[in-house]
Amino acid sequence: MPAQKECTVYVDGEPITGPIGAPLIEILNSDVIRMPFICYHPSLGPLQTCDVCWVEVNGELARGCTLKMEEGLEVTLSNARSKAAQREGYDRIIAKHELYCTVCDNNNGDCEVHNRLFDMGIDTQRYPFQRKPYEIDASNPFYVYDPDQCILCGRCVEACQNVEVNETLTIDWNAEYPRVLWDGGRPAGESSCVSCGHCVTVCPCNALQEKSMIGMAGPFTTMPSDVKRPMIELVKEMEHTTGFTFINRLSEVDHALRESEIKRTKTVCTYCGVGCSFEIWTRDRHILKVQPVPDAPANGISTCIKGKFGWDFVNSPERLTQPLIRDGERFREASWDEAYSLIAQRLTEIREQHGTEAVAFVSSSKVSNEENYLIQKMARQIFRTNNIDNCTRYCQNPATEGLQRTVGYGADSGTIRDLEKAELLIIVGSNTADSHPVIASKIKAAKKLRNQKHIVADLRRHEMAARADIFLKPKPSTDLVWLNALARYMFDAGYADMEFIEKNVLRLEEFRQSLEPYTLEYAQQITGIPIETLKRAGDMIGTAGSVCAMWAMGVTQHETGSDTSTAISNLLLTTGNFGRPGTGGYPMRGHNNVQGADDFGAMNDIFPGYEDVTDERARKHWAKGWGVDDLPAEPGYTNHAMPAAAAEGKLKAMYIMGEDMALVDSNIQHVQQGLANLDFLVVQDIFFTRTAEFADVVLPAAPNLEKDGTFVNTERRIQRFHKVFEPIGDAKPDWVILTELASYFGYDWGYTHPSQIMDEVATLTPILAGVSYKRLEGWKSLHWPVGADGHDEPLLYTEGFHFDDGKARFHPVQWHPPQEQVDAEFDLHLNNGRLLEQFHETNLTGKVPGIVHEVPETFVEVSPELAEKRGLKDGSRVRLTSRRGSLQVRVVVTDRVQGNELYMSEHTRFNHPNILTSDHSDPAVDTPAYKDLAVKMEIISHDGPSPLPRHNFRYGKRTPVEGVEVEQKWQRPDYIRPPAGSPYPERF
Amino acid sequence: MAKPLKYDVPKPDWTVTKTADDEMREFVELLHQRGVLRLANTLLGSLPKVSSLVMEGLYNRSGSNAVQNISALVQLVANMPPEQFRRICLGITEGLQAAQQTRPNERDMEAPGLKGAVKLLHNDELWRDLAPLIKAARSFSEAMQQSTDDGPHAGPGATER
Ligand code: SF4
Ligand code: SF4
Ligand code: SF4
Ligand code: FES
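All values reported here derive from a predicted model rather than from experimental measurement. (Residues numbered from 1 in each chain as written. Chains lettered and ligands numbered in written order. Predicted model: local features only at pLDDT ≥ 70, side-chain atom pairs only at ≥ 80, totals over all residues. Heavy atoms only, no water.)

Concerning the overall build of chain A
Here is the rule: Each helix is a run of DSSP H or I of at least 4 residues and each strand a run of E of at least 2, with the numbering of both proceeding from the N terminus. Per-residue and other accessible areas follow the Shrake-Rupley method at a 1.4 Å probe size, with only the shown protein chains counted as cover for residues. Counted as positive: Lys and Arg. Counted as negative: Asp and Glu. His and the chain ends are not counted at all. Think of each charge as sitting on NZ of Lys, CZ of Arg, CG of Asp or CD of Glu.
Regarding its fold elements, chain A presents 32 helices and 37 strands. Along the first, second and third principal axes, the C-alpha set of chain A runs to 85 × 70 × 65 Å. When the accessible surface of chain A is split by element, carbon and sulfur atoms take 50% of a total near 32500 Å². Separation between the mean location of the 103 positive side-chain charges and that of the 138 negative ones in chain A comes to 2 Å.

Remarks on empty space enclosed by the protein
Residues and elements named next belong to chain A. Heads up, the condition is: Using a 1 Å grid laid over the protein atoms alone, points where a 1.4 Å probe fits but cannot get out form a cavity; open sets with protein on both sides within 12 Å along at least 5 of 7 lines form a pocket; any residue with an atom within 4 Å of a point counts as lining. Grid points are joined across faces, edges and corners, and a volume is the space filled by probe spheres set on the points. Nonpolar residues are Ala, Val, Leu, Ile, Met, Phe, Trp, Tyr, Cys and Pro. Charged residues are Asp, Glu, Lys and Arg, and all others, Gly as well, are polar.
Overall, the coordinates contain 10 cavities of 30 Å³ or more when judged by the stated rule. Here the largest cavity is characterised by a volume of approximately 610 Å³. Taken together, the elements giving at least two residues each to the lining of the largest cavity come down to α21 (553-556) and β32 (828-833). Counting residues per element, the lining of the largest cavity draws most heavily on β32, at three residues. Each residue belonging to the lining of the largest cavity can be placed in one class, and the counts come to 13 nonpolar, 18 polar and eight charged. There is about 330 Å³ of room inside the second largest cavity. Around the second largest cavity, the lining is made up of 27 residues, and of these Lys366, Gly658, Asp685, Ile686 and Leu844 lie nearest the centre. Its residues assigned to classes, the lining of the second largest cavity shows 10 nonpolar, 10 polar and seven charged.

Some thoughts on the interface of chain B and chain A
Cut-off, in case you're wondering: Residue contacts are defined here by distance: any two heavy atoms, one from each residue, within 4.5 Å place the two residues in contact. Two parts placed together each lose some accessible area; with a 1.4 Å probe, that loss summed over both constitutes the buried area. For salt bridges, the criterion is a side-chain nitrogen of Lys or Arg within 4 Å of an Asp or Glu carboxyl oxygen. The definition of a polar contact used here is a pair of N or O atoms within 3.5 Å, where within protein one atom must be able to donate a hydrogen and the other to accept one, and adjacent residues in sequence count solely through side-chain atom pairs.
Contact residues are listed per partner, giving 26 residues for chain B and 42 residues for chain A. For the chain B and chain A pair, buried surface summed over both sides reaches about 3000 Å², with 59% attributable to carbon and sulfur atoms. The tally of links from chain B across to chain A stands at three salt bridges. As a salt-bridge pair, Glu329 of chain A and Lys3 of chain B come within 2.8 Å of each other at their nearest N and O atoms. Counting every contact that joins chain B to chain A gives eight residue pairs in polar contact (both at pLDDT 80 or more).

Side note on the environment of Gly45 of chain A
Residue and element names in this part refer to chain A. The topology assignment puts Gly45 in the loop between α1 (24-29) and β3 (54-57). Taking C-alpha positions, Gly45 is 26 Å from Trp281, a pair spaced 236 residues apart along the chain. In this structure Gly45 touches Cys39 and Tyr40, once residues within four positions along its chain are discounted.

What to know about the site of ligand 3
Residues and elements named next belong to chain A. Cut-off, in case you're wondering: Proximity is defined per residue: if any heavy atom of the residue lies within 4 Å of a molecule or strand, that residue is considered near it.
Close to ligand 3 lie Cys269, Tyr271, Cys272, Val274, Gly275, Cys276, Cys304, Lys306, Gly307, Pro437 and Val438, which account for all nearby residues. Sorting the residues of the shell around ligand 3 by element identifies α8 (305-309) and α14 (437-450) as the ones contributing at least two each. Its residues assigned to classes, the shell around ligand 3 shows eight nonpolar, two polar and one charged.

Details of the confidence of the model for chain B
Parts of the prediction with low pLDDT should not have their coordinates interpreted in detail. Residues and elements named next belong to chain B. How we decide: Each residue carries a pLDDT value, the predictor's own confidence for that position, ranging from 0 to 100.
Chain-level statistics for chain B give a pLDDT mean of 67 and a share of 50% at 70 or above. Looking over chain B, one finds the lowest element-wise mean pLDDT in helix α6 (residues 114-121), namely 60, and the highest in helix α1 (residues 20-33), namely 83. Overall, residues 104-109 carries pLDDT values under 50, and its contacts beyond four positions in sequence, including any with other chains, amount to five contacts. Confidence over residues 147-161 falls short of pLDDT 50; this stretch has 29 contacts with residues more than four positions distant or in other chains.

Here we look at the site of ligand 2
Around ligand 2, the surrounding shell holds 14 residues, and the nearest of these are Cys150, Cys153, Gly154, Cys156 and Cys203 of chain A. Classifying every residue of the shell around ligand 2 gives 12 nonpolar, one polar and one charged.

Quick word on the sheet that holds strand β14 (residues 330-333) of chain A
All names here are of chain A. Keep this limit in mind: Only strands that DSSP links by at least two bridges are regarded as paired with each other. To define axes, lines are fitted to C-alpha atoms, for helices over the stretch in contact only, and angles between the resulting N-to-C directions are given on a 0 to 180 degree scale.
Strand order across the open sheet formed by seven strands is β14-β13-β27-β26-β25-β15-β16, with mixed pairing between neighbours. Here the strands that pair on one side only, and so sit at the sheet edges, are β14 and β16 (388-389). As defined by bridge partners, strand β13 (residues 324-327) adjoins strand β27 (residues 697-700) across two bridges and the pair is classed as antiparallel. Residue Ile325 lies in a different strand from β27, and its bridge partner there is Val697. Where helix α28 (residues 734-744) meets the sheet, it contacts β25 (653-657), β26 (680-685) and β27, and its direction lies at approximately 150° from that of β25.

Some thoughts on the pattern of salt bridges
Residues and elements named next belong to chain A. Quick note on the threshold: To sort residues, take the accessible area from a 1.4 Å probe on protein chains only and compare it with the maximum for the residue type: under 20% means buried, over 50% means exposed, and anything in between is partly exposed.
For the coordinates displayed, the defined rule picks out 69 salt bridges over all chains. Between Glu112 and Arg155 there is a salt bridge, with its nearest N and O atoms 3.8 Å apart. With Glu112 in helix α3 (residues 112-119) and Arg155 in helix α4 (residues 155-163), the pair connects residues that are 43 residues apart, well separated along the chain. Its relative accessible area of 4% is what places Arg155 among the buried residues. For Arg332, the salt bridge identified is with Asp327, shortest N-O distance 3.1 Å. Looking at Arg332, the relative accessible area reads 22%, which means it is partly exposed. For Asp327, a relative accessible area of 34% translates into the label partly exposed. Connected via shared salt-bridge partners are Glu167, Lys444, Lys448, Glu463, Arg467 and Arg958.

Let's talk about a nonpolar patch on the surface
Residue and element names in this part refer to chain A. Applied cut-off: Patch criteria: residues need more than 30% relative accessible area and no salt bridge. Like-charged residues are merged within 9 Å; nonpolar side chains of Val, Leu, Ile, Met, Phe, Trp and Tyr are merged within 5 Å.
Together, Phe220, Leu234, Met238, Phe246, Leu250, Val253 and Leu257 line one region of the surface with nonpolar side chains, adding up to about 600 Å² of accessible area. The element best represented in the nonpolar patch is helix α7 (residues 245-261), accounting for four residues. With respect to the element layout, Phe220 can be found in the loop between β9 (208-210) and α6 (225-242).

Quick notes on the packing of helix α11 (residues 397-406) of chain A against helix α22 (residues 561-574) of chain A
Residue and element names in this part refer to chain A. The following threshold applies: Relative orientations are named as follows: roughly parallel for angles under 35 degrees, roughly antiparallel for angles over 145 degrees, roughly perpendicular for angles from 65 to 115 degrees, and oblique for any other angle. Definitions for this section: a left-handed crossing has its near helix turned counterclockwise from the far helix by less than a right angle. A right-handed crossing has that turn clockwise.
Running from N to C, α11 and α22 point in directions that differ by 40°, and their axes come no closer than 7 Å. Between α11 and α22, the angle is such that the two are oblique. Considering the relative orientation of α11 and α22, their crossing is right-handed. Residues Pro398, Ala399, Glu401, Gly402, Leu403, Arg405 and Thr406 of α11 touch α22, and the partners they reach there are Gly561, Ser562, Asp563, Ser565, Thr566, Ser569, Asn570 and Leu573. Considered class by class, the residues forming the contact of α11 with α22 number four nonpolar, eight polar and three charged.

Thoughts on the packing of aromatic side chains
All names here are of chain A. Going by this rule: We call Phe, Tyr and Trp rings a pair once their centres come within 6.5 Å, taking the six-membered ring for Trp, and we label the pair stacked below 30 degrees between planes, edge-to-face above 60, and tilted otherwise. Only when the NZ atom of a Lys or the CZ atom of an Arg is both within 6 Å of the ring centre and within 35 degrees of the ring normal do we say a charge sits over the ring.
According to the stated counting rule, one finds 34 aromatic pairs over all chains in the structure shown. Taking the centre distance of 5.2 Å and the plane angle of 70° together, the rings of Tyr271 and Phe839 count as edge-to-face. Of this pair, Tyr271 sits in the loop between β10 (263-268) and β11 (277-283) while Phe839 sits in the loop between β32 and α30 (849-854), and the two are 568 residues apart along the sequence. Taken as a pair, Tyr271 and Phe839 share a single burial class, namely buried. In textbook terms, an aromatic cluster arises when at least three aromatic residues are bridged by ring pairs, as seen for Tyr409, Phe500, Phe578, Tyr610, Trp784, Tyr797 and Phe801. Note that Arg116 overlies the ring of Phe37, its terminal NZ or CZ placed 4.4 Å from the centroid. Directly above the aromatic system of Trp784 lies the positively charged group of Arg716, at a separation of 5.8 Å from the ring centroid.

What about the pairing of strand β12 (residues 286-291) of chain A?
Residues and elements named next belong to chain A. Here β12 lies mainly inside the structure; six of its six residues are buried. Both β11 and β12 contribute to a ladder of five bridges, which runs antiparallel. Bridge pairing in β12 links Ile280 to Val290. Taking the residues between adjacent antiparallel strands as the criterion, β11 and β12 are bridged by two residues, where Asp284 takes a positive phi near 55°.

Quick notes on the nonpolar core
If you look at soluble globular proteins, the nonpolar side chains tend to sit buried side by side. All names here are of chain A. The cut-off we apply is this: Only buried residues count toward a nonpolar core, which is a set of Ala, Val, Leu, Ile, Met, Phe, Trp, Tyr and Cys residues joined through side-chain atoms within 4.5 Å.
Counting 163 residues, the largest nonpolar core has Trp311, Tyr373, Trp482, Tyr655 and Trp784 as the members making the most contacts within it. With 10 residues, the single largest contributor to this core is helix α16 (residues 479-492). Dropping the residues within four chain positions of it, Trp784 is found in contact with Tyr409, Ala411, Gln595, Asp599, Tyr610, Val712, Arg716, Ile718, Ile767, Leu768 and Glu793. Within the second largest apolar cluster, 51 residues are counted, among which are Phe331, Ala646, Leu830 and Leu866.

Things to note about the layout of surface pockets
All names here are of chain A. Of the volumes computed, that of the largest pocket is approximately 720 Å³. Forming the walls of the largest pocket are 36 residues, and the residues nearest its centre are His41, Pro42, Asp110, Glu112 and Arg155. Contributions of two or more residues to the lining of the largest pocket are made by α1, α3, α5 (198-202), β9, β11 and β12. No other element matches α3, which puts four residues into the lining of the largest pocket. Among the residues forming the lining of the largest pocket, the class breakdown is 17 nonpolar, nine polar and 10 charged.

Brief notes about the packing of α16 of chain A against α22 of chain A
All names here are of chain A. The N-to-C vectors of α16 and α22 enclose an angle of 15°; their axes lie 9 Å apart at closest approach. When the axis of α16 is compared with that of α22, the two are roughly parallel. Here the hand of the crossing between α16 and α22 comes out left-handed. Each of Asp479, Leu480, Leu483, Asn484, Leu486, Ala487, Met490 and Phe491 in α16 lies in contact with α22, whose residues at this interface are Asp563, Thr564, Ala567, Ile568, Leu571 and Thr574. Considered class by class, the residues forming the contact of α16 with α22 number nine nonpolar, three polar and two charged.

Right, dumping it as structure tokens:
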């Protein structure tokens, strides 16, 4: 990166040096606060609402937060006029905000209103505080808005409109008493608010606050409100005579007391693959709040509802705290020693009796990299089997395959910054706003603020589709056709980047020949997308300066998942969209550590770092590293194949860590039969899952907040998370369990901290050679491949592709219809996937009351046309039957789906759509074809309560505006610029 | 064939926030770490001796004066309107600050006699020496006269409305 040019500005005559164009306020305040501010926030920029940052420039007063570093700029901060204007601004703030810091749950060192009182040395209240004619709004399950504390800084509005881009919040500056409005005036809990928490995170005071903070943060804040209120009144009365000095000292004492009690720990989100990191604030085991910070590398100040508010599961009374052993018709509690001994004895017996191939291990995208490494090490080193796999198989492997075939690495080509930078995004089968909400926010912002273009292809008209420039609605399972057709169109219309191709890509002729059948006419016929729309999309792709393609389960969970992923990559190669900033292929990794589970080798055919088990050199290398003679050369069972092998009696024992495969694999009756047929099953988890019902031994594990480790997010970004609490009861971190268990097999691994495991990985794995805990301290992160010197690669392929010759390859792919087809009997297509609020099979989010309040149960979305034809409405109960099974579910009628296509979320432990899904899978990687699914629908009852409550955000009406729109305040006839006094300081 | 079995997790024996027991244990530990317990124990151990020392201190002329004076001051302060008390405090503070800011030279302070006194009225050095006191008195009286309007709760705009 070129070094930024420096310049010198003069502040009160003193020279200050910094990069040209940087906000002056940040340069000045990076050390001690010198320019007072309240509304300014580094992630939001100057909002110009608070009026406390006045300075003189060229003899004129200006808001200091708007100034940028420029050579020779002269600024006066401290003369009488600036000071008077700053003071007037602050006086107006506390006319709207009652100062009761000692009994306020926000007095934790980060309250800007409190802090400025000190920095500015203010000790008297010049305008009296006055209440506003509004009630507190506590209708959202997670946060509270108190209009009496709101200083109208507009940070929340800016965050909601332009960072989260949910466009719920506005301020009506022309109202007599302006306030923050949800959907223009709805209760927060009945609005379009998605509870992402951005507004709460950036609020500079306690006007917007997490409910989990209230009454919990300070030693004095626990007081009941009928004691607190009279106390506040008494103190306010005293301040008439004492000024703020005495009470401020008291609040400083209070703050010091809190410092000793409140713990802040950096962690990484346990849910999706965005990999948001944040500080988690705790007192004892109580989670006060999740506080994202601008330094967090993937997300900055952003989170979604799950990362911000979805942590109650950690303290759920349903947590497993003791090992359990099946004893006749029940489970009984056991000691760790008894559980380990039994596991060691039974697995050894089975291995001796049936061979190593009779034992299999399943790892998890929820556990750390180090734990994924250890379980595959256990399988390979101790059991000499490649029967180890993880749930990437269920979702991500087709994308990995498609990229490995064409460009080399099976991972995102760049970072979220590249997605933001691209001129055009092609989003295929990814409901990003629900599944990867923070990435959705970043790209929605790129669209709103910088006019990025979006082409969205999906069966459903979800939020990303509704906001798209072009929405392609193909028939189910036909994406490959329009992708190939667009690739052909690039050549036909002269958009193909021939220079790039000739220099970088092999197999051009073969590829062009393979595209022969894929005319636009053919694509229209198969996909149903009109030719004109395809052309518009093609022209947009062909003329864009930089293109990224994003895709997710809508592509991968089909029989053609790998081929469709390949077709996406082919299209990007055709247009030269790899290796430059703002280009590349981006499969959206589903769970927080899907990428890491693969990278660290928990797969049936690779060692850590993607070295093939069939490669003799690699086997020798790893055998030497682990001190064994040889390792097996045959790939093991995939996890999708394991239940079938168990049902057939080939597999006798399984060890399943952190995966509820009895619910999340496809065709679960079949899976459950397989599990029931095992001779011995160990389940290691934090809850008693459906899979645990089949276990012989259940081991209580610890979630990420109870251990140290690292995760890899969708950008290949390795991030460190830290232990917040000790494990509950007798539960243990998975790496401890695996290490202790290994010793019962006679292997003394001797790890006492996960950093030692990472050190071992780094010495053995070339693409992770430079990874160490030292290099991951604080907010630091690394994108693999990481050289031994610590050099990482945020953007891949800048120097060629990951093949020996450095060239990419076109990989021709042909479309064929899926085996599972709708017919006269099974006449409807059932799509299935995620909703924003819940996660996976709800084992975690189902323990969060606020989330359950938003989405209490799963439901099936039915189109208005179909509902009318069948006489269905919201709340009708139907039976869905596939060729495998049947379930009952309630209906929501919505135009998110069309015609005979249905959609059902996977978030349930009962009536799971996997009762219906098939055993069909992508032949290249064995990923189940969850989304190739035909069903029939019978009505059980026409009437019933709607499964999606009316207060859910999907029924809200967004109010998009440009931002805070402070000009409207300035245009009020009664707005008077400081330092002159304001007639209505308590109002705006 | 493993039959699927249910399992109900027993009621947890841990809590999210501390129990009274935890708080008490921590409290006692902290009292110990900070030396408070040691001090208290020592005090208790030597209570008879310490009490008699305290009583000796109080049961004499100056001790009794101090107790009575403190009670009088408390009564006075309790009966005084807070604005007035604040003004007195402000006055004293400002008076002291003014006195501190004007530092006289160190000099012998002998009685001047009547003639000397008249002469002294024209003596610049003396006026310099007296300045701190006079300034203190002036500041005190200004503070005492200050209108309550200038105190908290009155600022620009507050009266314009
Ligand atoms: S969507 Fe809701 S929680 Fe998120 S910023 Fe907007 S109002 Fe706040
Ligand atoms: S609620 Fe919004 S406008 Fe009010 S103080 Fe908080 S961030 Fe500012
Ligand atoms: S679930 Fe995903 S988007 Fe939401 S906070 Fe966690 S990592 Fe971020
Ligand atoms: S910080 Fe400049 S107006 Fe608020």
